[in-house]
Each structure stands twice: as structure tokens, then as C-alpha cells.
Amino acid sequence: MSDQSLRGRVGAWLEDRTGYTSILHEMLNEPVPGGARWAYVFGSALTITFVIQAVTGVLLMTAYAPSSSTAWASVYHISFVMSGGWLVRGLHHFGSQAMVVLLALHVLQVAIYGAYKRPRELNWLFGLGLLAVTLGFALTGYLLPWDQKGYWATQVATNIAGTSPGIGPQLQTVMQGGTEYGSLTLTHFHALHVMVLPASLLGLVMVHLFLFRKHGVTPPTNADLKKVDKFFPAQVWKDLAAGLAVLGVLFALAIREHGAPLDAPADPASDYPARPEWYFLPLFQLLKYFHGPLEMVGTMGIPAIAGLYLVLLPFFDKKPTTALGPRLPLLAPLFFGIVGMGGLMFAAMSSDAADTKFQASRKVADERAKIALDLASKGIPPGGALEMVKHDPELRGRDIFEKKCAACHVLGDIGDRAKAKAPSLDGWGTEAWILQMMHDPDAKERFGSTPFAGMMPSMDVAPKDPKDAESFKPMKPEDMKAAAVFLAAQGDEPGEASPARDTAQVEAGEKIVKSRCTACHTYKGEGDDSSIEIAPDLARYGSIAWVESQVKNPATKATYREKALSAEYKGHMPRFDEELSAEDAALVARWARSHARSSSPVAAK
Amino acid sequence: MGNERDANEGRRDALTKLVVVGSAAFGCALAAPAAVFVTAPLRSGGSHGERWVKTVRVTDLTEGQPKKVAIVADQRDAWTLSKDVELGAVWLTRRGDAVSAFSVVCPHLGCSINAETGNAEAGGGGFGCPCHTSAFDGTGKKVSGPSPRDMDALVTKVEGGFVLVDFRKFRIGVEERQEIG
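Residues numbered from 1 in each chain as written. Chains lettered and ligands numbered in written order. Predicted model: local features only at pLDDT ≥ 70, side-chain atom pairs only at ≥ 80, totals over all residues. Heavy atoms only, no water.

**Overview of the overall build of chain A**
Stage number 1. In terms of helices and strands, chain A carries 23 helices and four strands.
Stage number 2. Compactness check: chain A gives a C-alpha radius of gyration of 35 Å against a globular reference of 25 Å for 605 residues, more than 25% above the reference.
Stage number 3. Projected onto its principal axes, the C-alpha positions of chain A cover 120 × 60 × 45 Å.
Stage number 4. The buried share of chain A, taken over its 605 residues, is 48%.
Stage number 5. Of all intrachain contacts in chain A linking residues separated by at least 6 positions in sequence, the fraction that spans at least 24 positions is 68%.
Stage number 6. Entry remark: accessible area of chain A is about 30400 Å², with carbon and sulfur atoms responsible for 66%.
Stage number 7. With 58 positive and 60 negative side-chain charges, chain A shows a separation of 8 Å between the mean positions of the two kinds. (Helix = DSSP H or I, 4+ residues; strand = E, 2+ residues; numbered from the N terminus. Rg over C-alpha atoms; globule rule 2.2 N^0.38 Å. Buried < 20%, exposed > 50% of the residue type's maximum accessible area, 1.4 Å probe, protein only. Contact = heavy atoms within 4.5 Å. Areas by Shrake-Rupley, 256 points an atom, 1.4 Å probe, with all protein chains shown as cover. Lys, Arg positive; Asp, Glu negative; His and termini not counted. Charge placed at Lys NZ, Arg CZ, Asp CG, Glu CD.)

Structure, rendered in C-alpha cells:
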């Protein structure tokens, strides 16, 4: 009857030509002595997760472009422009972590059940090979987005490879495709990630499964061996349930995080608080404890000993029993290793959580990532994402300020307040800052730590020298206010939002500045009847032109005069037109000025 | 015994169904985002709407004589935004105050159409495609050859002495003019 149906006829036709039913029966009816168990699901869950990784990986490949100028941009495009891209990348990202977690559980289950013992030693070794391949996937995949996180974390791994005895440097150069990271590093890692490692994994899995089928499961000692389940459906439904649970968790994580994180584009010139993915944290933490000649103990010694222990375990464990008790001494290193790894991971996380410096640089990195994503949404130039970031006035301005200005100046969260040798730029050029300057010019956050300390007198506090104090006439508060308003207005630029200035005050202030301040200062080059020749010109004080001129060369008379660069005032601000391009000098001047004027000065004590 | 065997059979059937349903659920859960992702290009396209591109000065055009003019504007290719690249070209012809514009892309199979200087009767020279000899008159109308439709006319306007063209692209090889993203 059934043979007459279409399905039956097609089945018979196929069976004649392939013998598929016997293969299928062989696969599905495999006996599971002692019965199906949840403990056996980890291998299958790993296989299923690998299928998820393969499917999402191929999808990502359709849009990913491995080169230093396109990798970040294409990952941005996948994550934020292509429909469903965030979900596909999120599944792949969390899938890789699921692989590592499931692997650990699989190894533990096999170890506890004694499934590595004779005659299964080789299968244990193939399993260890799969573990290495999976970690290789994790390592190579982390670099591919070419963002700061992957770039800097992976550097550590390749640098460790570079310290291998003998062939280290050659090994590193070959891996990276050169002595430094670049497009060839990406094409290498990409080829490993999408061809070499998958092919190795498939080969190893095939042998692993073949050997597993040959020897079958290793039931616990208390199992009722008379109970025999067939692989299908008794074990299959449990395996599938585990696979579905994994997929469900991946969906939940991907949706909660809305995909996978993408840091700012890789920038070889930046300083970045590099941390590996969480499962590599124990190794990362280990590196902190070994220095100098001992370094290799942490980078290679301990991992090599751990690997060797795992390789040798089935050959040392010759006791015929699979009961856990008698094997505990031999398994102790494994359990201690796991506890140790947990401890190291906790130590790494808690030291980062307590490290305010790390937290601060993490915050800066996150801020940069946000700006980069923002910029990318307006289109990425053909030169790539790094070029885009480098040409952004905000990021580039901050960058130059950090490199050139922050050794002496402080502005916002940049620079070291304790070590600052130049005035704090918080609120510089604002009315409040100028008032503070007129009142107490030698405060630490103004001229106090500079070679100009003691050069400018306070306008409302009598000098210490009683002879000078005798002739001192404090400036009236309303006059100080007017002068400050006038000077702050000197920095206002048309087309820029400035605080409202009272015209009457500006006019009054102008008179005061031109009569009193020009005793030492110049205004448009006029004034200064002292012979000190150090006080700066006050015309357009705080304007873009004033700051730019000061950055390029503080001794042009547009700001300070020749003496500002003389040896007499050693420690003075240097000229930067010799080390910065004209564009960069203009850019950092604008950046610093706008951030100074939009912040508030340090509160007076 | 028989009852137990029946119960086992029933359990096996139920589990088999569970596995089939579970596998289907797994497949669908993975296939759904895959399908959305793979078909993303279908959703990212669509018409640009108007895209006015500044070309040459009106005074650069000679009355009745077609001039091939490059269309230079910003181009978005996946993630890359390129500034001021040649997106294509148009034939501009001035007749009095009016300027006509035709896409240089032949509606037949996409070759680049030439101006034929030879037949200048009936209000200016015509156009011809060098690939499969489609011929068009000076107003873009198809005269002979395999082209399924007339040349694709584009809207123009003159602002500040410059000719602006609303640059668009059209599907090749069909009778009806259809804009493509």
C-alpha cells in the first residue's frame, strides 16, 4: 500500500541509489546504554551552536569587507544600516561566547564521567584540538571589526606569540602579515576565521563524532545498563531542547544589547584601555603577576602546563573505574584550575572596577565610540573610518590637546591638576575667569605655577610690600566687573553664541582697560609704560585669532611679546608652529577655546 | 506487557513529533533573521526623489547643439560617501531659453549614446547609440533601431546662469520608463 504512494515510490527510488535509510537507521537507532541523559547534551549543543555560528557567519561575510579602511565601516553598515544586521551580528557575537561556555561544560562533563579513559583517549585529544580551534575562532573573530577593542586586545595575543623562544618574531610577522598591524593582518585573520578554522573544525568534529559513535557514551557507574534508549528520539529531543535553549538565550542577549558592541575605529596612535573578551580575562590577569624574565611563565608557561595536563590526563588515569571518587586526585588539577580561573577572572574584574583611572579612560573611549558612530551615520569617506575620525574637529582637537597641551594645561577631564604648570583653561576667557584673574592672578590654577607668577598685581587686594601698598588704590567692584565684561566681549566671535553683554558695561570697561590696564598691558600694540614688556595684548583677547596666534607663537605681539619666549621666563609656553601644521594649530586653538569658554572656571577658594 | 509497549510507542511518537516541531522552530528562528538580512538591499533602495545637480553655464551651450555634460555629485556606496564624483552624464541642448536634458544611457541595453552631428535638420542634431544602432531625433524620440523607448528626458531648470538637472536613472530594456534607486 504505502509503496504505491508517491512518497513511498520516491523513497524506494532514492533507497536503491543511495541506501539512505540504512544510513539513517544506523545514525538514529544508535543504542544509548544506561538511557538518554541531559548530561550528554553538551556535545550536541556545541554542534548546534556551531551551526548558528556558521549560518550567521556566512551572512556577515556577505557584507563584511576585510581591509583596514573598510572593516570598521562595513561592520558599522551591518550593525546600524542593514535591516536585521544588528540581530545577525548579535547572534554571532554571543554565539561565540556560548561556544566557549558550552565547551567548558562539555570538558567538565567528560572529565567527571571519566569519558576520556581507555579506549577513548584519542577522542579526548581530538576534543582538545576542537577546544584550541574554538579559542582560535574567538581570537581571530575579535579583531575583524577593526575597532579599538579588538585591535588592542588582539595586539596582546600576537605580541605574546612574538615572544616565543626562537621563531617568535618570525611567527608574529607571518601572522600579522608584516611587522605591524594593517590590512594584511585583517586578511590573514579573516582567512583563518572563515576558511582555515572552519575546515579544521569540521575535520576534527568528523573524527570526534566517528570515534564517539565507535565507543558510545560513558554512562555513570550507578546507571542501569539494562535500560537502553535509542538515540532517536530519546536523546535527540534532549539535545534539540538544549540547542533551542541556547538559541533562545542568544536571541535574548542580542535583543537586550541590540546587537554587538562596536568601539571607535582602530587607531594605532591612541592610548586605549585594552581588555580581552571576558573568557580570556584569567590569562590577562595572569600577565600582571609575572614580570621581566618571568613574563613567559604567565604568557606561555602556565597555559602550556595546563594544556599538557589535559593532554596527559587519559594516559595517567589508568584505573579501570569511571567512578569519580578514586579519580579525584588526578582530576584535582582540573578543578583547581577552574577555581583558579574563576578567581583570576574575579580579580581582573574587581581591580578594573576599583581602578578609577581605568574607568576614566574607559569613559573617554566610550565617548569616542559614540562620536565615531555619530559621524559614520553621516557617511564614511572613501579613506575609511579612521580618516573620518581623525578629521573630525572635536576628536582631533581633543587628541592634539592631549598630546601637546595637557602636559601643562588642564581643561575639563584632560590633564593632571597636581602637575599642571600652566593656567587651568576651565572657563578661560569668560567674565568669571577674568574677574578671578584680576582678583588673584597668582592662584595655583592661574599664574601661580607658571614663570609669570608675581608679575601681575591683584586689582583689589593690596600688595604685601608695605611701600607698594601705600600707593595702592583698590579697583571698585563695579569697575572690575565692567573691565571683565569688556575683556570677555573681546573674545566674542560673530555667528557664535556668546553671553549677552551689557553695552554700558562694555563701554565703561573699555575706558578702564585702556586707562588702567595699559600701564603694563598693550592694547592693539599701544600702551605699557613699564619696562617689563611681558603683559599680553588685550585687544581681541580670547578670540579665535588671539588663541591661534598664542598657540602658533606666543611672542608675535599679537598676544605676548618677545620676552615671553626668553630664558628669563624659563618654563614659559613654547611656540607650536614648528611642531604642529598650521591646520592642526588652528584646529586645537579653536577646540581649546570653545571648550574653555563653554566651561566654568575652578571655584575660588 | 502490551500496554507498556503501547505506552512506549506512544511516547516515542510524541517525542518524534516534538523533535520535528522543535527542529522546524529552530530552523525558522534562524532563517527569519537570515531572510531579513539577505533581502536588506530590497529595502535600502527606493527612489531618491529630486536630486538637483548643478552643471554648466547656460552660456556654455550653443543653440541647438547637444553637449555632453558630466553629472558630479556625492555618491553613497554602501558605507562609503564619496564627495563630488561623476555619477554619469547627460546630453544638454539649448533652444532659446529652454534647455533639454537626456540621459546618455541607451534604454536598450545601457550603452552610451552619441550625438550625431550629421543630421542637423528639424531643430538640431539627433542621437545614436553606437552599440546596436538605435537612432533618436533631436527631441530624443526614437527613430529606428532596437531601443524599446525614447531617450530618457530629465527635468532641467536654470538658476544663477547655471543649468541644474534633476538627475535620475531608469530601468534598461523595458518599454515603460521606470525609475530605479
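Having put the structure on the table, let's press on.
**Section: the overall build of chain B**
Stage number 1. For chain B, the helix and strand inventory stands at two helices and 13 strands.
Stage number 2. On C-alpha atoms alone, chain B measures out to a radius of gyration of 28 Å, which is more than a quarter above the 16 Å that the 2.2 N^0.38 rule sets for 181 residues.
Stage number 3. Viewed in the frame of its principal axes, chain B has a C-alpha envelope of about 105 × 35 × 20 Å.
Stage number 4. Within chain B, buried positions represent 35% of all 181 residues.
Stage number 5. Of all intrachain contacts in chain B linking residues separated by at least 6 positions in sequence, the fraction that spans at least 24 positions is 48%.
Stage number 6. Put simply, chain B shows about 10400 Å² of open surface, and 53% of that area lies on carbon and sulfur atoms.

**Details of the sheet that holds strand β10 (residues 156-159) of chain B**
Residue and element names in this part refer to chain B.
Stage number 1. Taken in spatial order, the three strands make up an open sheet running β1-β11-β10, and their pairing is antiparallel. Whereas interior strands pair on both sides, the edge strands pair on one side only; in this sheet they are β1 (52-57) and β10. Shown here is a sheet whose adjacent strand axes are inclined to one another by a mean of 30°, direction ignored.
Stage number 2. Bridge count for β10 against strand β11 (residues 162-166) is four bridges, and the pairing is antiparallel. The residue of β11 that forms the bridge with threonine 156 is valine 165. (Pairing = 2+ DSSP bridges. Axes fitted to C-alpha atoms, helices over the stretch in contact; angles between N-to-C directions.)

**Digging into the sheet that holds strand β6 (residues 126-128) of chain B**
Residues and elements named next belong to chain B.
Stage number 1. In spatial order, the strands read β5-β6-β7-β8; together these four strands make up an open sheet with antiparallel pairing. Each edge of the open sheet is held by one strand with a lone partner, namely β5 (114-116) and β8 (142-144).
Stage number 2. Judged from the three bridges that link them, β5 and β6 form a sheet pairing that is antiparallel. Among the inter-strand pairings, alanine 115 is bridged to a residue of β6, identified as phenylalanine 127.

**Observations regarding the pattern of salt bridges**
Residues and elements named next belong to chain A.
Stage number 1. Scanning the model with the defined rule gives 34 salt bridges over all chains in all.
Stage number 2. Taking the shortest distance from any N to any O, the salt bridge between aspartate 399 and lysine 403 comes out at 3.1 Å. Of this pair, aspartate 399 and lysine 403 both sit in helix α16 (residues 393-405), four residues apart, which is roughly one turn of that helix.
Stage number 3. Judged by its relative accessible area of 9%, aspartate 399 falls in the buried class.
Stage number 4. Residue glutamate 510 is joined to lysine 514 by a salt bridge in which the shortest nitrogen-to-oxygen separation is 2.6 Å. Pair noted here: glutamate 510 and lysine 514 are both in helix α21 (residues 503-515), with a separation of four residues, about one helical turn.
Stage number 5. With a relative accessible area of 27%, glutamate 510 lands in the partly exposed category.
Stage number 6. When salt bridges with common partners are traced through the structure, they connect Asp267, Arg368, Lys390, Asp399 and Lys403 into a single cluster. (Salt bridge = Lys/Arg side-chain N within 4 Å of Asp/Glu carboxyl O.)

**Regarding helix α10 (residues 231-256) of chain A**
All names here are of chain A.
Stage number 1. Here α10 spans 36 Å end to end across 26 residues, near enough to the 38 Å set by a 1.5 Å rise per residue.
Stage number 2. The sharpest bend along α10 measures roughly 25° and falls at tryptophan 237.
Stage number 3. Positive phi appears at histidine 258, one or two residues downstream of α10, with a value of about 45°. (Expected span 1.5 Å × (residues − 1). Bend = angle between axes of the 7 residues up to and from the residue.)

**Brief notes about empty space enclosed by the protein**
To find leftover empty space, a probe the size of one water molecule is rolled over the atoms.
Residues and elements named next belong to chain A.
Stage number 1. Evaluated as defined, the whole model comprises two cavities of 30 Å³ or more.
Stage number 2. Here the largest cavity is characterised by a volume of approximately 110 Å³.
Stage number 3. Lining the largest cavity we find Gln148, Ala264, Pro265, Asp267, Ser270, Arg368, Val389, Lys390, Leu395, Arg396 and Asp399.
Stage number 4. Only α15 (385-390) and α16 provide two or more residues apiece to the lining of the largest cavity.
Stage number 5. Residue contributions to the lining of the largest cavity peak at three residues, all from α16.
Stage number 6. The residue makeup of the lining of the largest cavity, split by class, is four nonpolar, two polar and five charged.
Stage number 7. Of the residues that make up the lining of the largest cavity, three or more belong to each of domain 1 (38-225 + 233-274) and domain 3 (360-394).
Stage number 8. In this model, the second largest cavity occupies a volume close to 30 Å³.
Stage number 9. Ser424, Asp426, Trp433, Gln436, Glu445, Arg446, Pro601 and Val602 together form the lining of the second largest cavity. (1 Å grid on protein atoms, 1.4 Å probe; cavity = no way out; pocket = protein on both sides within 12 Å on 5 of 7 lines; lining within 4 Å. Points joined across faces, edges and corners; volume = space filled by probe spheres on them. Nonpolar A, V, L, I, M, F, W, Y, C, P; charged D, E, K, R; others polar. Domains from an automatic or database assignment.)

**Some remarks on helix α23 (residues 582-597) of chain A**
Residues and elements named next belong to chain A.
Stage number 1. Over its 16 residues, α23 extends 22 Å from the first C-alpha to the last, a length consistent with the 22 Å expected when each residue adds 1.5 Å.
Stage number 2. Three or more residues of α23 are buried, namely Asp584, Ala585, Ala586, Leu587, Val588, Ala589, Trp591, Ala592, Arg593, Ala596 and Arg597.
Stage number 3. Where α23 is buried, its residues contact α16, α20 (477-490) and α22 (544-552).

**Observations regarding the interface of chain A and chain B**
Stage number 1. Each side of the interface is counted separately: chain A has 38 residues, and chain B has 23 residues.
Stage number 2. By the criterion of area lost to chain B, the three top residues of chain A are Ser83(A), Trp237(A) and Leu240(A), representing 20% of everything that side buries.
Stage number 3. Taken together, the connections running from chain A to chain B amount to zero salt bridges.
Stage number 4. Linking chain A with chain B are five residue pairs in polar contact (both at pLDDT 80 or more).
Stage number 5. Contributing elements (two or more residues each) for the side of chain A that touches chain B: α3 (41-61), α4 (71-80), α5 (85-113) and α10 of chain A.
Stage number 6. By residue number, the principal contributor to the side of chain A that touches chain B is α10(A), which donates ten residues.
Stage number 7. Partitioning the side of chain A that touches chain B into residue classes produces 25 nonpolar, eleven polar and two charged. (Buried area = accessible area lost by both parts, 1.4 Å probe. Polar contact = N/O pair within 3.5 Å; in protein donor to acceptor, adjacent residues only side chain to side chain.)

**Structural notes on a nonpolar patch on the surface**
Residues and elements named next belong to chain A.
Stage number 1. On the surface, Leu6, Val10, Trp13, Leu14, Tyr20 and Leu24 cluster together into a nonpolar patch covering about 570 Å² of accessible area.
Stage number 2. Contributions of two or more residues to the nonpolar patch are made by α1 (6-18) and α2 (20-28).
Stage number 3. With four residues, the single largest contributor to the nonpolar patch is α1.
Stage number 4. You can see tyrosine 20 is positioned in helix α2.
Stage number 5. Residue tyrosine 20 is classed as partly exposed on the basis of its relative accessible area, which comes to 31%. (Patch = residues over 30% accessible without salt bridge, like charges linked within 9 Å, V, L, I, M, F, W, Y side chains within 5 Å.)

**Observations regarding the nonpolar core**
Soluble globular proteins tend to bury their nonpolar side chains together.
Residues and elements named next belong to chain A.
Stage number 1. Among the nonpolar cores identified, the biggest contains 49 residues, and Phe401, Trp428 and Ile434 are the most heavily contacted of them.
Stage number 2. Elements represented by at least two residues in this core include exactly α16, α17 (431-439), α20, α21, α22 and α23.
Stage number 3. No other element matches the eight residues that α20 contributes to this core.
Stage number 4. Apart from residues no more than four positions distant in its own chain, tryptophan 428 is found in contact with Trp433, Tyr541, Gly542, Trp546, Val547, Ala596 and Arg597.
Stage number 5. Listed in part, the 41 residues of the second largest apolar core include Ile78, Trp152, Tyr181 and Ala266. (Core = buried A, V, L, I, M, F, W, Y, C linked by side-chain atoms within 4.5 Å.)

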